[in-house]
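Structural overview for review
Each chain is listed here by its residues.
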Amino acid sequence: MTRLPYIDARRFGEDGRLVVAFTTQVVRDATPDDTTFAAVAARFSPREIMHLLLVIGQYMMLGRIMATTQLDLDPALGDEVVASANRALARDARPRQP
């Protein structure tokens, strides 16, 4: 099994750290341990937990599809995406001639 990347969850708030722990356990073990699940259930509603599980599952599905089909991520476009959007906004903001 591929080792999960280390996530330094100290930078997140309490909720973020709980989500990282829950997500890590679900991805790694298919289910969180009882302590983590109890903490998540005490903090989040059943609906929020379901949404989190759906996001985790969708991410896992996408990763498996990409790995199986050997799809590579597109290179990051970075500042070019922002510059292109700004050019489009500027173009659209110009007064139109009758």
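Shown above is the structure to which this text applies.
The paragraphs below set out a description of the structure included in this document. Just so it is clear, the structure is predicted and the values come from calculations on it, not from any experiment.

1. Observations concerning the overall build of the protein
If you tally the helices and strands in the protein, you get 4 helices and 0 strands. Along the chain direction, N to C, the helices and strands of the protein fall in the order α-α-α-α. Within the protein, the proportion of its 98 residues that are buried is 15%. For the protein, contacts bridging at least 24 residues in sequence account for 43% of all contacts bridging at least 6. Carbon together with sulfur atoms contributes 59% to the accessible area of the protein, which is approximately 8,500 Å² in total.

2. Quick look at a nonpolar patch on the surface
A contiguous nonpolar surface patch, about 280 Å² in accessible area, is contributed by Met50, Leu53 and Leu54. Looking at where Leu54 falls in the secondary structure, it is placed in helix 3 (residues 46-69). Residue Leu54 is classed as exposed on the basis of its relative accessible area, which comes to 52%.

3. Topic: the pattern of salt bridges
All chains considered together, the criterion is met by 2 salt bridges. With a closest N to O distance of 3.1 Å, Arg28 and Asp29 form a salt bridge. The exposure class assigned to Asp29 is partly exposed, which follows from its relative accessible area of 43%.

Rules used throughout
- Residues numbered from 1 in each chain as written.
- Predicted model: local features only at pLDDT ≥ 70, side-chain atom pairs only at ≥ 80, totals over all residues.
- Heavy atoms only, no water.
- Helix = DSSP H or I, 4+ residues; strand = E, 2+ residues; numbered from the N terminus.
- Buried < 20%, exposed > 50% of the residue type's maximum accessible area, 1.4 Å probe, protein only.
- Contact = heavy atoms within 4.5 Å.
- Areas by Shrake-Rupley, 256 points an atom, 1.4 Å probe, with all protein chains shown as cover.
- Patch = residues over 30% accessible without salt bridge, like charges linked within 9 Å, V, L, I, M, F, W, Y side chains within 5 Å.
- Salt bridge = Lys/Arg side-chain N within 4 Å of Asp/Glu carboxyl O.

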